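Here is what each chain is made of, one letter per residue.
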Amino acid sequence: DTAVSQTPKYLVTQMGNDKSIKCEQNLGHDTMYWYKQDSKKFLKIMFSYNNKELIINETVPNRFSPKSPDKAHLNLHINSLELGDSAVYFCASSRPGLGGYTFGSGTRLTVV
Amino acid sequence: GENVEQHPSTLSVQEGDSAVIKCTYSDSASNYFPWYKQELGKRPQLIIDIRSNVGEKKDQRIAVTLNKTAKHFSLHITETQPEDSAVYFCAATGGNEKLTFGTGTRLTIIP
């Protein structure tokens with residue numbers, strides 16, 4: 001059983017399009033995250049949700065909108081995609097107090 | 001907010017030798033320090049972690065040390081093997097559970 005699953009694994013799209021990435025975890029964790037990993041491998045947090053409530057929103061453009069329908073799911077919708085959005089996006093989850101994150105397998109987004 | 005610095009950015013080590021990666025953090029409230037290994041095209045995976053009430057932790061060939069006073073923590077890999085080649089990330093987190101990652105170290109084990 002995959003603990004944190006993301007879909008799609010690859011996403012190639014044109015500038016200006018709108019796309020979504022889905023994430024689901026079956027670990028019973030309360031907190032979920034979106035991280036962006038750029039071409040230099042930097043891992044930067046974008047959003048964090050705890051039990052469907054947004055708790056961290058870093059300086060991410062408004063074109064990015066996370067949605068958490070329940071504590072097992074955290075989706076990421078991106079409007080008006082730009083070339084600079086090309087990156088690998090990782091979903092992760094954790095249980096407060098236990099610290100360690102479990103990452104999904106990542107979604108490689110390429111904007112052309 | 002927390003700032004984590006990681007050195008070196010690249011490291012090449014002869015197979016069988018030891019590798020050391022060092023990190024510093026800025027927020028004295030940080031209390032949890034995990035290390036992640038990311039192989040090419042894969043997800044980051046937790047390999048070892050340490051909490052602020054412990055100075056050292058070891059798991060087979062991997063050890064982590066923490067100096068809270070100096071805000072330093074380090075990863076030590078002994079008897080390196082080709083499968084240790086990967087990018088390694090340190091991270092630090094405080095009360096809000098947000099992990100701030102270092103910039104990564106690309107470790108290459110030379111056969």
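As a reminder, the structure under discussion sits directly above these lines.
Residues numbered from 1 in each chain as written. Chains lettered and ligands numbered in written order. Predicted model: local features only at pLDDT ≥ 70, side-chain atom pairs only at ≥ 80, totals over all residues. Heavy atoms only, no water.

S.K.: Give me the lowdown on the overall build of chain A, citing residues and values where you can.
M.R.: Broken down by element type, chain A carries 0 helices and 11 strands. Going from N to C terminus, chain A has its helices and strands arranged as β-β-β-β-β-β-β-β-β-β-β. By the compact-globule yardstick of 13 Å for 112 residues, chain A fits well, its C-alpha radius of gyration being 13 Å. Across its three principal axes, chain A shows a C-alpha extent of roughly 40 × 25 × 25 Å. (Helix = DSSP H or I, 4+ residues; strand = E, 2+ residues; numbered from the N terminus. Rg over C-alpha atoms; globule rule 2.2 N^0.38 Å.)

S.K.: Summarise the sheet that holds strand 8 (residues 72-77) of chain B; cite the residues concerned and give the values.
M.R.: Residue and element names in this part refer to chain B. In spatial order, the strands read 1-3-8-7-6; together these 5 strands make up an open sheet with antiparallel pairing. The sheet is open, and its two edges are formed by strand 1 (4-7) and strand 6 (56-59), each paired on a single side. Put simply, the sheet's adjacent strands are angled 15° from each other on average, direction ignored. Direction of pairing for strand 6 relative to strand 7 (residues 62-67): antiparallel, over a ladder of 4 bridges. Within strand 7, the residue paired with Lys58 across the bridge is Ala63. (Pairing = 2+ DSSP bridges. Axes fitted to C-alpha atoms, helices over the stretch in contact; angles between N-to-C directions.)

S.K.: Describe the interface of chain B and chain A, with residues and values.
M.R.: Taken together, the contact pairs 16 residues of chain B with 20 residues of chain A. Carbon and sulfur atoms supply 55% of the area buried between chain B and chain A, which totals about 1,700 Å² over both sides. It is Arg43(B), Glu97(B) and Lys98(B) that lose the most area in chain B upon contact with chain A, and together they represent 34% of the buried surface on that side. Here chain B and chain A share 1 salt bridge between them. With a shortest N-O distance of 3.2 Å, Lys98(B) and Glu58(A) are connected by a salt bridge. Counting across the interface, chain B meets chain A through 7 residue pairs in polar contact (both at pLDDT 80 or more). Listed by contribution, the elements that provide at least two residues to the side of chain B that touches chain A are strand 4 (32-38), strand 5 (45-51) and strand 10 (99-101) of chain B. Across the side of chain B that touches chain A, the residue classes break down as 7 nonpolar, 3 polar and 6 charged. (Contact = heavy atoms within 4.5 Å. Buried area = accessible area lost by both parts, 1.4 Å probe. Salt bridge = Lys/Arg side-chain N within 4 Å of Asp/Glu carboxyl O. Polar contact = N/O pair within 3.5 Å; in protein donor to acceptor, adjacent residues only side chain to side chain. Nonpolar A, V, L, I, M, F, W, Y, C, P; charged D, E, K, R; others polar.)

S.K.: Run through the pattern of salt bridges, naming residues and quoting values.
M.R.: Using the criterion set out here, one finds 7 salt bridges over all chains in the structure. Through salt bridges that share partners, Arg63(A), Glu82(A) and Asp85(A) make up one connected network.

S.K.: So, the pairing of strand 8 (residues 73-78) of chain A: which residues are in play, and what are the values?
M.R.: Both faces of the sheet carry side chains from a regular strand, because those side chains alternate between them. Residue and element names in this part refer to chain A. Covered by surrounding structure in strand 8 are Leu74, Leu76 and Ile78 only, the residues His73, Asn75 and His77 on the alternate face being uncovered. With 4 bridges joining them, strand 3 (residues 19-25) and strand 8 adopt antiparallel strand pairing. For Lys19, the partnering residue across the bridge sits in strand 8 and is Ile78. Where strand 7 (residues 64-70) folds back onto strand 8 in an antiparallel hairpin, the turn is made up of 2 residues. (Buried < 20%, exposed > 50% of the residue type's maximum accessible area, 1.4 Å probe, protein only.)

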